[in-house]
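# Geometric and topological summary
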Amino acid sequence: MSFPLLTATAVAPAVGAVAVAAVPAAQRTLAKWVALLFSLATLVLAAVALVRFDPDSEDPYQLTESHAWIADFGVRYELGVDGIGVVLVGLTALLVPFVVLAGWHDADPPAGAPDAATQSVTHGRWRPTQGFFALILMVEAMVILSFAATDVFLFYVFFEAMLIPMYFLIGGFGDRAGHKNEQETATQRSYAAVKFLLYNLAGGLIMLAAVIGLYAVTADDLGSGTFSLQQIAEARASGELSISTNTERLLFLGFFFAFAVKAPLWPLHTWLPNAMGESTAPVAVLITAVVDKVGTFAMLRYCLHLFPEASKWATPVILVLAVISILYGALLAVGQRDIKRLVAYASISHFGFIILGIFAMTSQGQSGATLYMVNHGISTAALMLVAGFLISRRGSRLIADYGGVQKVAPVLAGTFLIGGLATLSLPGLAPFISEFLVLVGTFSRYPAIGIIATVGIVLAALYVLVLYQRTMTGPVKAGVENMPDLRARELTVVVPLIALLVFLGVYPKPVTEMIDPAVDRTLSVVDKQDPKPDVPVQDVEAAK
Amino acid sequence: MSAVADPVTVHSLWTMAAESPDKFKAPDIEYGQLAPTLIVIGAAIVGVLIEALLPRKARYGAQLFTSVLGIAAAFAAVIGLAVGDYGTSKARIAAEGAIAVDGPALFLQGTILLVSLVAVFTFAERRLDPVAHGNRVDSFAAQAAAVPGGDAEKEATKAGFTTTEVFPLLLFAVGGMLVFPAANDLLTLFIALEVFSLPLYVLCALARRQRLVSQEAAVKYFLLGAFSSAFLLFGIALLYGYAGSVTYGRIADVVDGEVADITPALAQTMGNDALLLIGGAMVLMGLLFKIGAVPFHMWTPDVYQGAPTPVTGFMAAATKVAAFGALLRLLYVVLPGLRWDWRPVMWGVAIVTMLAGAIVAVTQTDVKRLLAYSSIAHAGFILAGVIATNEEGVSSVLFYLGAYSFVTLGAFAVVTLVRDAGGEATHLSKWAGLGRRSPLVGAVFAVFLLAFAGIPLTSGFAGKFAVFKAAAEGGAGALVVVGVVSSAIAAFFYIRVIVLMFFSEPRADGPTVAVPSVLTSSAIAIGVAVTLVLGIAPQYFLELAGDAGVFVR
């Protein structure tokens, strides 16, 4: 038996969470270092997984592990990654150290608050700092497990369970900026946390009905129910398992609903701006760059692999919803007055692109979408974290409160600009390639939708550049004059992210190499070939 | 005169007794297989003797010892029977057809005994209430007979009286509960029902604080319980009229049309379907009342709120286990032939119970009432498994009951810890910021709430998945959909409490968390441990419940 690399990658942050939680209340700095250490250890393990992963292998899943878990439910503890999964595990492990570093001071007791000794009278053993970092690591562990699970039930368990630490992160550690007083902050953020949880829980419970339905279907045909992706795929290929068209569609809808809430897809998106607006910037990054990726990833792996026919059946509607997401998210981003909500709506627009790419059912579209998941994770992290640094300096989330920042804090403004340009998919930065691939992939099959979606790029330029212009250029506003520039810790967060954006923008091959075989396999499951070019090639040559 | 006029009759009476001894055979009682019940009832009687004979100071220790020992011995007996294959291959009907000893009965008895053991710990807790006149006191009235607020009450408190009668009362209730799911004829069912209900009515009235509320709850419970018992008894009479027997197997045979010999006295009524349907419905009503299913749930919130919290926890956990056991046996053994008649009705009951419990709970402001409505919603979830009418249905219900009862006990044990000057602070507004003030208590309660909500990695999820899976396989897919919708609604109010505990600022005049003795601490610890173990590694217990899934007839 080989070393259980994927389990180790997931267990490392989980152990870290326990270790951080065990650090005594007074030693906040130690807790932070422990958290950073464990997130880096996770990154190392994920890097080993990336290296050990062989993109040219014939196996659908690599680094597999399989153990008995709940035999009565037909559930096994089965892990394994395809190219898409391993890249996303890598993305998660990559971003969390930056999240930890960026959130270094976010859970400190507010300045001027009573010190630990007096606080223990009113607050008992309440240890927010330890809690904050433990929860982040908890989320990381569960996200990695849901990327690596190849058993539907196992996936579902972590898909649902990750909501709980996430919920405490949003509700327990809100952004103090932008509210009149502590009371309003508390009300707003618990509203955001509850909204986040109820939306996702409702989606998850509907998926639970579909998961049970899937079990009943497999139990009917195979004698004993199973949740193993591979077993189900084999049984379907051999004709042993046949799902009637109607059942398949219902099950697909149950799964898709949960993922569409998580992703989020219009019109199930409304929890995201609240959650991202009210949480601290690092947590917002965790939501949009890491947790939400589980939704789009699951569409690829579960919806398409388990229910290929129903996926094709639902494609037209989903494409329309995706285009609405792109345009609606972008338009609302243009109209936002709050920086964090602006990034949230921009993300909704970008998730529209990802879903568009997945359901265009072309190889360019899907590898573009997968690449987009990675690039969006990095670019949003860069933009949102810099925005968080900006907001923490001024104590306001309103765009109108800023102006002329580039004169007082040029590095901050510069990095903000690069993050923004990545968000609007400037050629040379990573997101450009993915967005281009998605649009090409969509256009080759659905030209009209491809064209409409392109409008989203124009709007992206609008909301990013207007945001930059209003906050960074022009006369220096009152309250901004003495703004310090980025500190060493903050630079440590931003510079690597920007370097990655540039690197992947110029040379995306390391990632696409991983992704492409998995995408081809998905397409063969769905039984779709790329459309033939419209211009008959031979005729062109003959005309010469 | 008659002796002179009719000497033959007298003679024949005598001779019959003398001549055919086999007609009056002494009943054959399998003491070994009935040991769990007998041990608990025996311990209860010892408890009564302790009350009568020992000096007041010595009673508490003696009672606690007797209760724990009795329940533990009974549990050991259950294990012994299970190991001796009495749950599977040697399953049989004992005590002249009155009691079934089979897998479900043993599983449920084991569950009830474990639950009761934990409940004894919470009953015996004496560290929470402030010391009164130099005496440590528990949650129960100093002297139940003293008028609330009267002089007698003051004197009793001053003298340091405590109601140690609660232990024998608890044991009698447990004894009844052990028989209830094992009853194999309707009269045994009824007697078991009364044996466990009457002590519970009394226990409900015994709160030390807010005695009037407690007594009101007891009266309400008693009156409604008496109604439901009357329905049950009437139903039994009608079923007897229909089948000419009260034994489960015999009634089932008549329902299936396998019995030809009609008892002459009942020739008019036997086989009359009207009697069967009305009688069956009335017996079901009696059981649904105990389960707390809508529309027979009205007593639940008031009684749960008014009763002393340890009693509420015990009642909510153990009664539900016993009553669902009896319901399962009735539906699966007596009335399987009537499946097509009761299934639609139970569908309706399950749907209404799930939805009503979840929706009404949303507006509650008292934590005990909240848990009461949540228990109604959970009764609905379990009913979905009952309706499955397959073997998975039985085992999933068994598993759910085991999982749910420990979550419930633990949750109510936590409620006993949160106190202010007036005793337990059950109003939800007082719980604001509790998680910040006492992170451990807040976290533990959050675990229980998440288990109630059915979040993965807790026992609540495994249980919910098991019953919904059974329901889906039993062709009740629509129930599963209603189930997940009501779970979503229910999640809202569980989450609301968590929000309140963790995301609200603590109130300056908020309650304090009392530091319990090892008794309540271990009760809560057991609750958490069971919740997590059944959530993360449920396989062994699912197998146990699966092996116990067959009724003997």
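Computed from a prediction, not measured in an experiment: that's the story for all the values here.

The rules behind each value
- Residues numbered from 1 in each chain as written.
- Chains lettered and ligands numbered in written order.
- Predicted model: local features only at pLDDT ≥ 70, side-chain atom pairs only at ≥ 80, totals over all residues.
- Helix = DSSP H or I, 4+ residues; strand = E, 2+ residues; numbered from the N terminus.
- Rg over C-alpha atoms; globule rule 2.2 N^0.38 Å.
- Buried ≥ 20, exposed ≤ 12 C-beta atoms within 10 Å, placed from the backbone.
- Pairing = 2+ DSSP bridges.
- Contact = placed C-beta atoms within 7 Å.
- Nonpolar A, V, L, I, M, F, W, Y, C, P; charged D, E, K, R; others polar.
- pLDDT = per-residue confidence, 0-100.
- Axes fitted to C-alpha atoms, helices over the stretch in contact; angles between N-to-C directions.
- Left-handed = near helix turned anticlockwise from the far one by under 90°.
- Expected span 1.5 Å × (residues − 1).
- Core = buried A, V, L, I, M, F, W, Y, C linked by C-beta atoms within 7 Å.

Regarding its fold elements, chain B presents 22 helices and five strands. For 553 residues, the compact-globule estimate of 2.2 N^0.38 gives 24 Å, and the C-alpha radius of gyration of chain B, at 24 Å, lies within 12% of that figure. Along the three orthogonal principal directions, the C-alpha set of chain B runs to about 90 × 60 × 40 Å. The proportion of buried residues among the 553 residues of chain B is 59%.

Bringing the sheet that holds strand S3 (residues 418-420) of chain B into the picture now. All names here are of chain B. Pairing is antiparallel across the open sheet formed by three strands, whose spatial order is S4-S3-S5. Looking at which strands have only one partner, the edges of the open sheet turn out to be strand S4 (423-424) and strand S5 (512-513). Pairing geometry for S3 and S4, over two bridges, is antiparallel. Its bridge partner lying in S4, Asp420 is registered against Gly423.

So, on to the interface of chain B and chain A. Facing the 32 residues of chain B at the interface are 35 residues of chain A. Counting only elements with at least two residues in the side of chain B that touches chain A, the list comes to helix H17 (434-437), helix H18 (439-453), helix H19 (459-473), helix H20 (477-503) and helix H22 (539-547) of chain B. With 11 residues, H20 of chain B is the largest single contributor of residues to the side of chain B that touches chain A. Of the residues belonging to the side of chain B that touches chain A, the class tally is 21 nonpolar, five polar and six charged.

With that settled, consider the confidence of the model for chain A. Taken as a whole, chain A shows an average pLDDT of 84; of its residues, 93% reach a score of 70 or greater. Counted against residues more than four places away or in other chains, residues 113-124 of chain A, with its pLDDT under 50, gives nine contacts.

All names here are of chain A. Packing of helix H15 (residues 363-394) against helix H17 (residues 410-423) brings their axes to within 8 Å, and their N-to-C directions diverge by 145°. The two elements H15 and H17 cross, and the hand of that crossing is left-handed. Packed against H15, whose contacting residues are Ser379, Ala382, Leu383, Val386, Ala387, Phe389 and Leu390, the element H17 presents Leu412, Thr415, Phe416, Gly419, Gly420, Ala422 and Thr423 at the interface. By residue class, the composition of the contact of H15 with H17 is nine nonpolar, five polar and no charged.

All names here are of chain A. Here helix H2 (residues 28-52) contains 25 residues, and its C-alpha end-to-end distance of 36 Å stays within 8% of the 36 Å for a straight helix at 1.5 Å per residue. Those residues of H2 lying buried are Arg28, Ala31, Lys32, Val34, Ala35, Phe38, Ser39, Thr42, Leu43, Leu45, Ala46 and Ala49. In the core, the buried residues of H2 are packed alongside helix H1 (5-22), strand S1 (62-70), helix H3 (83-102) and helix H5 (128-148).

Attention shifts here to unusual backbone geometry. Backbone torsion omega between Trp266 of chain A and Pro267 of chain A reads 5°, so that peptide bond is classified as cis. On the secondary structure map, Pro267 of chain A appears in the loop between helix H10 (245-262) and helix H11 (271-278). For the peptide bond that leads from Val294 of chain B to Pro295 of chain B, omega is 5°, which places it in the cis range. For Pro295 of chain B, the location among the structural elements is in the loop between helix H11 (273-291) and helix H12 (299-306).

Let's shift gears to the pairing of S1 of chain A. Residues and elements named next belong to chain A. The sheet contact formed by S1 and strand S2 (residues 75-81) spans six bridges and is antiparallel. Each residue of the ladder has a partner; that of Ala68, found in S2, is Arg76. The antiparallel pairing of S1 with S2 creates a hairpin that spans four residues between the two strands, and Gly74 there sits at a positive phi of about 70°.

If you look at the biggest cluster of nonpolar residues, it comprises 424 residues, and the most contacted ones within it are Ile136, Ile355, Leu356 and Leu385 of chain A together with Cys204 and Ala471 of chain B. A per-element tally of this core places helix H8 (residues 182-222) of chain A first, with 20 residues. Setting aside anything within four residues of it in sequence, one finds Leu385 of chain A in contact with Phe98, Ala102, Ala281, Pro282, Val285, Val493 and Val494 of chain A.

A few words now on the confidence of the model for chain B. Any residue range with low pLDDT should be treated as having predicted coordinates unsuitable for detailed reading. Averaged over chain B, the pLDDT score is 87; the fraction of residues at 70 or greater is 95%. Below a pLDDT of 50 lies the segment residues 1-19 of chain B, which in the model reaches two contacts outside its immediate sequence neighbourhood of four places, other chains included.

Residue and element names in this part refer to chain A. Counting through the fold element by element, Leu356 comes out in helix H14 (residues 339-359). Of the residues examined, Leu356 has 30 C-beta atoms within 10 Å and is grouped as buried. Distance in space between the C-alpha atoms of Leu356 and Ile318 is 7.8 Å, their sequence separation being 38 residues. If we ignore the near neighbours within four places in the chain, the residues touching Leu356 are Leu319, Ala322, Val323, Ile326, Val438, Thr442 and Ala453.

Residues and elements named next belong to chain A. With respect to the helices and strands, Val23 occurs in the loop between H1 and H2. Classification of Val23 as buried rests on a count of 21 C-beta atoms within 10 Å. As a C-alpha pair, Val23 and Thr129 span 106 residues in sequence and 9.9 Å in three-dimensional space. Look past the residues within four positions of Val23 in its chain and what remains in contact with it is Leu30, Ala31, Val34 and Gln130.

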